[in-house]
Every structure is written in structure tokens, then in C-alpha cells.
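# Close look at the chain arrangement
Next come the chains, spelled out residue by residue.
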Amino acid sequence: MTSVPRAVLAATFAPGETAVPAARRFTREVMTAWAAVSVRADAEKLAGELAAQVVDGPFEVVWNHMGDGVQVEVRQKGAGEAGAAGPRAPVEEWGVTFSGQHRTHWARLPLPGSAGQVTTEWTEEEPGRGPIGWLRFLADASDLLAGTLNPDMVPAIIAQIAVPRLAAWCAVYTWTDGGGPQRPPYLWHTDESRIDGLREELATIRIPDTGGSMQLGDSHVLVVPLLARGRGLGVMCLGRSDRFAEDVIQYAGDISRRAALALDNALLYAQQAEANQALQRSLLPPDEPGEIPGLDSAVVYEPAGENNEVGGDFYDLFAAGDGSWRFAVGDVCGTGPVAAAVTGLARHTLRLLAREGYGVAAVLGRLNQAILEEGERARFLTLLHGEITPVPTGLELRLVSAGHPEALRLKPDGVVEPVVTSQSLLGVFPEVTFEADLVHLDHGDVLLAVTDGVTERRRGGRLLDDDGGLAKLLAECAGLSAGAVAARIRRAVQDFAPEPSADDMAIVVLRAR
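Keep in mind that what you see is a predicted model, and the values were worked out from it rather than measured.

Our next topic: the overall build of the protein. Scanning the protein from terminus to terminus reveals 12 helices and 23 strands. For the protein, restricting intrachain contacts to residue pairs at least 6 apart in sequence, the fraction spanning at least 24 positions comes to 65%. About 23,200 Å² of surface is accessible on the protein, with carbon and sulfur atoms providing 51% of the total.

On to the confidence of the model for the protein. Should the pLDDT be low somewhere, the predicted coordinates at that spot are not to be read in detail. In the predicted model, the protein carries a mean pLDDT of 84, and 89% of its residues have values of at least 70. For the stretch residues 114–129, pLDDT sits under 50, and the model shows 32 contacts to residues farther than four places along the chain or on other chains.

The next subject is the pairing of strand β20 (residues 446–450). Most of β20 sits out of view: five of its five residues are buried. Residues V446, L448 and V450 point to one face of β20 and L447 and A449 to the other, with burial holding for every one of them. Two elements, β20 and strand β23 (residues 505–512), share five bridges in a ladder whose sense is antiparallel. Bridging across to β23, A449 finds its partner in V508.

We now examine the pairing of strand β8 (residues 212–216). Every regular strand shows the same layout, with side chains that alternate between the two sheet faces. Pairing of β8 with strand β9 (residues 219–228), which is carried by five bridges, proceeds in the antiparallel orientation. Considered in β9, the bridge of M214 is made with V221. The turn linking β8 back onto β9 is made up of two residues, and G217 within it adopts a positive phi angle of 60°.

Let us look at unusual backbone geometry. Residue P164 follows V163 across a cis peptide bond; omega there is 0°. Take P164: it is sitting in the loop between α5 (154–162) and β6 (169–174). Notably, R229 is not glycine yet its phi reads approximately 55°, a positive angle. Considering the arrangement of structural elements, one finds R229 in the loop between β9 and β10 (231–240). The backbone of D467 sits at a positive phi, close to 55°, despite the residue not being glycine. Inspection of the secondary structure assignment puts D467 in the loop between β22 (462–463) and α11 (469–475).

Right, let's talk about the pattern of salt bridges for a bit. In total, this model carries 20 salt bridges according to the counting rule given. Among the salt bridges present, the one from R75 reaches E60, with a minimum N-O distance of 3.9 Å. With a gap of 15 residues between them, R75 in strand β3 (residues 69–77) and E60 in strand β2 (residues 59–65) connect regions that are remote in the sequence. Given a relative accessible area of 26%, E60 falls into the partly exposed group. Put simply, E302 and R490 hold a salt bridge, and the shortest N to O gap is 2.3 Å.

Here we come to the side chain of E49. By the element assignment, E49 lies in helix α2 (residues 40–52). The class for E49 is buried, based on a relative accessible area of 13%. The residues touching E49, leaving out its near neighbours within four places in the chain, are P87, R88 and A89.

The next thing to look at is the packing of α5 against helix α7 (residues 246–282). Packed helix pairs are characterised by how far apart their axes lie and by the angle those axes make with each other. Interaxial distance between α5 and α7 falls to 10 Å at its minimum, and their mutual angle equals 165°. The angle between α5 and α7 falls in the class roughly antiparallel. Like other packed secondary-structure pairs, α5 and α7 cross with a definite hand, here right-handed. In this structure, α5 uses V154, I158 and I161 to contact α7, whose residues at the interface are I255, A259, A262, L263 and A266. Grouping the constituent residues of the contact of α5 with α7 by class yields eight nonpolar, no polar and no charged.

Let us now look at the environment of A23. Along the chain, A23 falls in helix α1 (residues 19–33). Under the relative-accessibility criterion, A23 is labelled buried at 0%. Residues A23 and E60, 37 residues apart in the sequence, show an inter-C-alpha distance of 9.1 Å. If sequence neighbours within four positions are ignored, A23 has contacts with F13, A47, A51 and V61.

What counts, and where the lines are drawn
- Residues numbered from 1 in each chain as written.
- Predicted model: local features only at pLDDT ≥ 70, side-chain atom pairs only at ≥ 80, totals over all residues.
- Heavy atoms only, no water.
- Helix = DSSP H or I, 4+ residues; strand = E, 2+ residues; numbered from the N terminus.
- Contact = heavy atoms within 4.5 Å.
- Areas by Shrake-Rupley, 256 points an atom, 1.4 Å probe, with all protein chains shown as cover.
- pLDDT = per-residue confidence, 0-100.
- Buried < 20%, exposed > 50% of the residue type's maximum accessible area, 1.4 Å probe, protein only.
- Pairing = 2+ DSSP bridges.
- Salt bridge = Lys/Arg side-chain N within 4 Å of Asp/Glu carboxyl O.
- Axes fitted to C-alpha atoms, helices over the stretch in contact; angles between N-to-C directions.
- Parallel < 35°, antiparallel > 145°, perpendicular 65-115°, else oblique.
- Left-handed = near helix turned anticlockwise from the far one by under 90°.
- Nonpolar A, V, L, I, M, F, W, Y, C, P; charged D, E, K, R; others polar.

Laid out in C-alpha cells, this is it:
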């Protein structure tokens, strides 16, 4: 804790289930930006472990590059002294410190010898002389800028590339939608203690949109536009006490072009990710079914991928009228907009036909025809669709499985058995007839329905459901509520393999109360 940080990158995260994955992604981008690939996996794991301890409230993750190591700090306001467990990831040292109302849980990872060379290179006062040194500088800068698609990270990388190689300080402005400058999203100075004062000075002046030079206090300032694909994205302001040499101005222009292209790519990627997430949300059930007599239900839905690409798995639970309810768990082949079109078609068709009074078998027959009518956009679909009717002895279910992973029933004594016959996939054969299976859930019985993101979770050459693995997991859930069963299955899927899942996952649990 006595070393002075040579570079600092930080981000704030909101509480919730996405906090830990977001902290891990941020860490991956930081390690890429610092060319610390050798410790990236350990750093991601470390950040995830520390973040998992504070997901009950907002927190900040701060990464410090110490030269011979990297140090993570997870800061949270109002956190107590309890609950700070040591990390399982290999660390050099760790601890917990308190300052006012803030608790900081920190840990440090050592860097191999090669990483130290990168740090030394970026703390030299002047770039290497001669064309070879400059070309290596530009190549390294290009690699760092290409290492992230997070638009909030790009300004930080730009500033840390420029300081101290090109200037004593660097402020990166990005334009708002209205076209005007905003306070610099990232500001870096060789003397960290001067950053706040410099920020106040910059707030009093107007930054020229088109670039140029100006004087700010004792600094000569070079303003370089960030232009990409014919549009201005912002400016890079470089400041130093002496005049800028011609070669420095030339290479500042080269850096700005590379930086602007990286920023534009990151903005386009973020827009696409936002559109994907909005479309994904539109494919989820729009409302809760409300209280269902005699039923305790729980759902877990986790789309795979860093940006939750649309398509894939879906679920639904809704009132069908006449004292009955319907549920569905499905999996469309593939991901992306084409799969999303089939996902939306399936969910809306299920609801419409169910409320028109069609039985579960008739619904699947008509859905099969609707998918085939999509023509080239058609994708095959596995689906478990069921009707739920409360009866005095529990719940009566009419189920149809169109090639879907088998549904399992758990009895209170721990006995697990499959309860539905698998029939034809949807979207494959034009003439297919479905038949519903009648299943009774006595009080305390549990029905588990999942997608293949659960059953085909892979660890090496082994799947989670090999040798009845899912049934064994369910047998351990006897006596638990629907929510507890869903949470235990979800945790087992996550713990089965160390790497993130490459497939969507949906879990639906129905328990007769």
C-alpha cells in the first residue's frame, strides 16, 4: 500500500445481479488497456469476488497500476466491518481500510517481469528518438485503443497514452448530442494533485471545436479534434509548459485519428448493445400473472453474452381465463434478429391462442404452421407448453413437449421422475399432430422446466445433465420453496464450470402449495 499508482482507472456500479459481471468486464478492459493480459483472468476473478461481497448497494471499483503489480479497490459507502472475506484468487496481499463512512476492500496482484517493461515505457518523460521509437509508440497506442469497446473507457485510454509521452496533462472532451463541450469525462496529469485545480481552470474557458492552440495559465495547450467518418466526436487537449515541437504535433494528430476511430467504434457498439437489450426486454413477459391459487412459482432467466444478444431462450406465465393459467419455456435455434423474430412470434401466438380458448396441443399445432410460414426466417423451436388448473388435491397440468428437455417432477420424499413425452420439434414438419399429457401435482410436488442452457452446461467433455445430473440436483431440493429451488439450480449451473455460459438459460419452477 506504500507504492504510488502510475495509472488509475475507476468505474461505479449499481447494485443487482448484473453488478458482478459488469465489474468483471470493466476489469477485463482495464487489463487489456494496460497490456496486462498475463494477469487478466486472475484480475477478473478477483474483482468479481470482491464485488460479490457488496452487491447490496452501489460501489466503486478502482484499479491502480503500481509498476510491479496491479491493485484493485472496491469502495462502498456505509458498509460495515463484517463480511470482508479474503479473496480466493492468488494475491500478493489484501486488506480492508476505513475512511469516514467508506470501506475499501483491496487486494494486489503481482505482475510478471514483462509487465514491468510496459509500465517503464509509459512513464518516460519523452518518447523514443527516431522513427522506430515513434512507430512503436503508435503501434502500442493502436493496440491499447483497440482493446476496448466501452465508450467510457476510451477517453481514459487516450489521456493515459498522451501523458507523459506527448504532454504533461491531457483532457478529453466528447460532444453531447447538442454539439457543445461538456466537462472532460477524463483528465490526467503527471502530477495527480493538480488534477482538481486544472479541472476548475478548464471549466472557465471555451474549448475550440475545430482545434488550434491556446494558453491556459502556465501551460501551452494544443487542441486536436477527434474526427471519425466525417463527424466530430470531441477534442483532445494537450498541455505542457514549453512549446510543442513539430514532430509532437504531427504524432498528436496521428493519435487523435486512431483515438477518434476507436471512440466511434465504441459508440456504435454501445448503441447496438443498447438496441439488443431493448429488443431482448421486449421479448420478455410484459406483466406478472398475479396470484395463482395453490401455486408457488419462480423463474430465472439469464441471456448469454456480454451484451445479452437477442433471441435464444424465452419463458412465459400468464392467465388464460376460465380459471386456468398457461406457462411456456422455449428455445429458438440460434441468436440475433432472426431468432428474435421467431421468439416474438412464439410468445405472442401462445398468448393469443390460449386466450381464444385453444388447448395446449392445438396451440402448438398452429404455432408450428406459423413458424413454417416465416419462410427463410423460420427457425426450429423446442417448447414446453402447459395449462395449469387448480384442483382440491393440488394442481392439474396438461403438458406438451415439442422436443424440449424433459420436465421433472419432484415429490416431497425426494423422488424425481420425468413426466412428459417428447414430441416433434416446431418449425420442422408441416404435418404434425401433438397430444397433451395429463400430470397431477399433489401438495408439495414441484415441476422443474429448463432450457438446454442448463442441461448442456459444459465442463470439459462433461455436461451437467450427464448420468441424470439435473435430476440429482433436483432431488436435493425436497422441501424447498419454488424460489429456493430455482436459486439452487441456477447456482449449480454457474458453479459447474469456471467460464461464463455461452448459452441462454431459463428455469421455471412450479410448486403445488
